Amino acid sequence: MGVVKVIELLAESKDGWEAATRDAVKEASKTVKNIKSVYVKEMQAVVEGEEITTYRVNVKISFLVD
């Protein structure tokens, strides 16, 4: 039986929510090994004028503990 740990991260991108999610996983993988899943808990966008300028996500990343 394995142990799964969950961490919560905030990430942002100018290219969309999917890009922000990929950035969160990429950044987490620098220090966390055995990442198994990512759950997007919340999404938010920053608007300036009439345009969305930044996409933000709050994600939960699950990984297997050795």
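Residues numbered from 1 in each chain as written. Predicted model: local features only at pLDDT ≥ 70, side-chain atom pairs only at ≥ 80, totals over all residues. Heavy atoms only, no water.

(A) Structural detail: the environment of K30. Its place among the elements puts K30 in the loop between helix 1 (17–28) and strand 2 (35–48). On the basis of relative accessibility, which here comes to 55%, the residue K30 falls in the exposed class. (Helix = DSSP H or I, 4+ residues; strand = E, 2+ residues; numbered from the N terminus. Buried < 20%, exposed > 50% of the residue type's maximum accessible area, 1.4 Å probe, protein only.)

(B) Structural view of a nonpolar patch on the surface. Taken together, the side chains of V4, V6 and L64 present a nonpolar region at the surface, about 240 Å² in accessible area. Looking at the secondary structure, you find L64 in strand 3 (residues 51–65). (Patch = residues over 30% accessible without salt bridge, like charges linked within 9 Å, V, L, I, M, F, W, Y side chains within 5 Å. Areas by Shrake-Rupley, 256 points an atom, 1.4 Å probe, with all protein chains shown as cover. Salt bridge = Lys/Arg side-chain N within 4 Å of Asp/Glu carboxyl O.)

(C) Structural context of the sheet that holds strand 3. Ordered by their spatial adjacency, three strands build an open sheet running 1-3-2, and the pairing between neighbours is antiparallel. Every interior strand has two partners, whereas the edge strands, strand 1 (3–13) and strand 2, have only one. Averaged over all pairs of adjacent strands, the angle between their axes in this sheet comes to 15 degrees, without regard to strand direction. Alignment of strand 1 against strand 3, held across eleven bridges, turns out to be antiparallel. Across the sheet, the residue bridging to L10 is N58, located in strand 3. Sitting on the sheet, helix 1 touches strand 1, strand 2 and strand 3, and the angle it makes with strand 3 is about 40 degrees. (Pairing = 2+ DSSP bridges. Axes fitted to C-alpha atoms, helices over the stretch in contact; angles between N-to-C directions. Contact = heavy atoms within 4.5 Å.)

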